Amino acid sequence: MGDYVVFHDVAWHGVYALYFFLIGISAALYFFSALSFYREEFKPLRATSFYGAFALLAVAGLILVGDLSQPLRFVNTLNPGYWNMSSPLVWGTILIVLYGLVSVWYFLKLGDEKAAKLPAVIGAVIALGLPIYTGFDLAVHQARPVWNTPLMPVLFVALSLVSGAAVASFLAKGEARLLGALRQIMLWTTGATAVMVLSLLITTAYGGSSDELTYMFMTSGTIGGIFVGLGILGGTAVPLVLLLLPFGKERAGLLLSSVLILVGGLSLRYSILMGPQIVQTFFS
Amino acid sequence: MSEELRTSSIETRGVAGKKRYAMVIDTRRCIGCMACQVACKAEYDTPLGVNRTWVPYKVVGTYPVVKKQFLPRLCNHCDDPPCVRACPVEATYKSDDGGFVLQRYERCIGCRACMASCPYNARFMLPASRTYTKITNVVDKCTFCFHRVAQGLVPACVQTCIGRARVFGDLNDPASEVSYLVARNATQVLRPEQGTKPHVFYIGADRNHTEFGRDIYRRPDVLEGDRAAFQRTRA
Ligand code: SF4
Ligand code: SF4
C-alpha cells in the first residue's frame, strides 16, 4: 500500500458555508425590515436590520466572488448570453443582482413610510429566494447524499430565519415586544430545523451505501463533533430548551440562545456542506 | 440498450449520422503499468497532484491468496452529464457530434459547481502557475483526446496501453471494435444509478473499486500522511 495513490479534492471549501451563513442572515434581516410595515413591534428594526442586511450582502458577495478561482470572470455570470438556466448558480446570480438593486431602491426611500413599502415587500420576496437557491445549489447534485434531498431548500430557509432572528435580537436594543416576537420566530424555526435535521439523519442512516457512509462520517470524528455537537446539540437542542424555559424569556437568556443559534447555524451549514463532499473524495 | 431508455435530448445514443465515442476498458488485460497516466500527463502537461486519467489499485484477498485489482479511471463523457447541467456559464458543454464533454477554458469562472456535480471525481482545479502551459486556475478534465480523435488518432492513453486494455471507438457504428466488445462481453459502467449514462465501459471491474469507497474507514497512516501533503498543495 502507499506506493502510488491519487487523491481527490473537495469542490467547495468551508468559506462557501460562511457565504451561506451570511447571505441567509442578510435575507432574514431584510425580511424583518419589511415586516415592520405590517407588524408594529418590528418598527424599531426597520432601518438597523436593513443596514445590516445590506452590509452582509456586500460581504457575502465579496466572499462569493473571491472564492471563484477566476474572480474577475464573475462578469461572465452577468452575461445572459452565457446563462445556463439549469444551474442554480444562475438563479442565484439573478436573485443577488435583483436583491442588490431593490436594496438600493429601498435605501433611497427608507425615510418615506409610503414609498418604502413597495421595495420592502419586493425585496423581502427576493430575499426569501436566496436561502431557497442556496439549498438548491446543493440539492441538484444527485450523487451527494444529504445534499440531494428535497429538505435542503426548506432547511436553508429555516436556518436563514433562525440565524437572522438571532442577529436581530442583538439589534433590538432591549425592546421587550420585539424581543418577544423574535423569540417566537427563533422558537418555531429552531423547532423546524430540529425536525428537519432529525429527518435528514434518519433517512441518511437508512439509505444506500453512500448514504450510510455519509451518515457514519457526519456523526463521528471532527465533522461529527461539528455536526452533532455544535450544530444539533449546542446550536439547536440547547437553545430550543433555553427558549422554552422562563430564563429564555429574559433578555440575557434570549441573547445567550442567539449566540448558540449562530454557532449552530454556521456549524450545520459547514458540516452539511463538507461531510458529503469529503466522503465523495474516497470514490476510487 | 433499448431506445426507450433515451430520456434526455442531449444524448447521442443511436442518433443517425452522429458519432458516439466510447472507451471499453478490459481490466483483465490491465497490468497496472500506469503508462496511460504518463502518456496523458505528457500529452497535456497535467500538473503534479492532479490527473485526467489515473489507475487506482486495491490489494484484494489475504496473503498468500492476493491480487492487485486495477481500475483505469477517466472522465466518463457521460451521455447525460451532470457537470454540464451544473455549469452556470456553459463553460463545460457536450459536443453535438461525438459526445465529447469539453471545457471552454477562457470562459470558466472557477466556481467548481461541475466538480461538485461529477459523481466520479473526474474534474480538478488547475494550479495558479504552470511551467509550460498558460491555462491556469480553471477546471480541467479528460477530453477523450478530442484534438487527436478529430485527426483520426486514438486518445494518447489508448495508443500507449501495452496490454490493449483500453479500446476507443464509435458506439453508433455497429462495426466498431467498441460496439463488438460491448455486445459480446458482460460490461459495467460506474455508478449507473446516477443516471449519467457513462461512455466508459468496463469488462471485469472489481467491486472493491466500483462500490462506494469503504476506504474512508481503512485509512493507513502512510496514506494519511500523503493525503495531508496533497491537501496542503491544494490549499
Ligand atoms: S464523468 Fe464527470 S466530468 Fe465526465 S462527463 Fe460525467 S459528470 Fe462530467
Ligand atoms: S468551474 Fe468552470 S466549468 Fe466548472 S461549473 Fe464553474 S464555470 Fe463551469
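It should be noted that the structure appears before, not after, this text.
Because the structure is predicted, anything quoted here is derived from the model rather than measured.

Draft legend 1. Expanded view of the overall build of chain B. Within chain B, the regular secondary structure consists of eight helices and 12 strands. Its C-alpha atoms give chain B a radius of gyration of 18 Å, within 12% of the compact-globule value 18 Å for 235 residues. With the C-alpha coordinates of chain B rotated into their principal frame, the extents come out at 55 × 45 × 30 Å. Within chain B, counting contacts between residues at least 6 apart in sequence, those at least 24 apart form 59% of the total. Split by element, the accessible area of chain B, about 10,800 Å² in all, is 54% carbon and sulfur.

Draft legend 2. Molecular detail of the site of ligand 1. The environment of ligand 1 is formed by 13 residues, the closest being C75(B), N76(B), C78(B), C83(B) and C118(B). Considering only residue class, the shell around ligand 1 consists of nine nonpolar, two polar and two charged.

Draft legend 3. Spotlight on the packing of aromatic side chains. All names here are of chain A. Following the criterion strictly, the structure yields 22 aromatic pairs over all chains and no others. Summarising the aromatic geometry, the rings of F32 and F42 are spaced 5.9 Å apart at their centres and angled 25° between planes, so their arrangement reads as stacked. Residue F32 is located in helix 1 (residues 15-35), and its partner F42 is located in the loop between helix 1 and helix 2 (46-67); the two are separated by 10 residues in the primary sequence. Each member of the pair, F32 together with F42, is buried.

Draft legend 4. Seen up close, the sheet that holds strand 11 (residues 187-188) of chain B. Residues and elements named next belong to chain B. Spatially, four strands are ordered 10-1-12-11 in an open sheet, and the strand pairing comes out mixed. Each of the sheet's edge strands pairs with one partner strand only, and the pair in question is strand 10 (166-170) and strand 11. Pairing of strand 11 with strand 12 (residues 200-203) involves two bridges; the strand directions are antiparallel. Residue pairing across strands places Q188 opposite Y202, the latter belonging to strand 12. Contacts from helix 6 (residues 177-184) reach strand 1 (21-26), strand 10, strand 11 and strand 12 within the one sheet, and its direction differs from that of strand 10 by about 110°.

Draft legend 5. View of the environment of F107(A). Residue and element names in this part refer to chain A. For F107, the location among the structural elements is in helix 3 (residues 88-109). Judged by relative accessible area, F107 falls into the partly exposed class, the value being 43%. Between the C-alpha atoms of F107 and A139, which are 32 residues apart in sequence, the distance is 33 Å. Leave out the neighbours within four places in its chain, and F107 touches F50 and Y51.

Draft legend 6. Structural detail: a nonpolar patch on the surface. On the surface, F74(A), V75(A), L78(A), V97(A), L98(A) and L101(A) cluster together to form a nonpolar patch covering roughly 490 Å² of accessible area. What makes F74(A) partly exposed here is its relative accessible area of 31%.

Draft legend 7. Just unusual backbone geometry, in detail. All names here are of chain B. Along the chain, Y63 connects to P64 via a cis peptide bond; the corresponding omega equals 5°. Tracing the backbone shows P64 in the loop between strand 3 (57-62) and strand 4 (65-70). Unusually for a residue other than glycine, M34 sits at a positive phi of about 65°. Relative to the assigned elements, M34 resides in the loop between strand 1 and helix 1 (35-44). Note on M34: relative accessible area 17%, which makes it buried. At H77, a residue that is not glycine, the phi angle is positive and equals roughly 40°. Within the secondary structure, H77 sits in the loop between strand 5 (73-74) and helix 2 (82-86).

The rules behind the values
Residues numbered from 1 in each chain as written. Chains lettered and ligands numbered in written order. Predicted model: local features only at pLDDT ≥ 70, side-chain atom pairs only at ≥ 80, totals over all residues. Heavy atoms only, no water. Helix = DSSP H or I, 4+ residues; strand = E, 2+ residues; numbered from the N terminus. Rg over C-alpha atoms; globule rule 2.2 N^0.38 Å. Contact = heavy atoms within 4.5 Å. Areas by Shrake-Rupley, 256 points an atom, 1.4 Å probe, with all protein chains shown as cover. Near = heavy atom within 4 Å. Nonpolar A, V, L, I, M, F, W, Y, C, P; charged D, E, K, R; others polar. Phe/Tyr/Trp six-rings, centres within 6.5 Å; stacked < 30°, edge-to-face > 60°. Buried < 20%, exposed > 50% of the residue type's maximum accessible area, 1.4 Å probe, protein only. Pairing = 2+ DSSP bridges. Axes fitted to C-alpha atoms, helices over the stretch in contact; angles between N-to-C directions. Patch = residues over 30% accessible without salt bridge, like charges linked within 9 Å, V, L, I, M, F, W, Y side chains within 5 Å. Salt bridge = Lys/Arg side-chain N within 4 Å of Asp/Glu carboxyl O.

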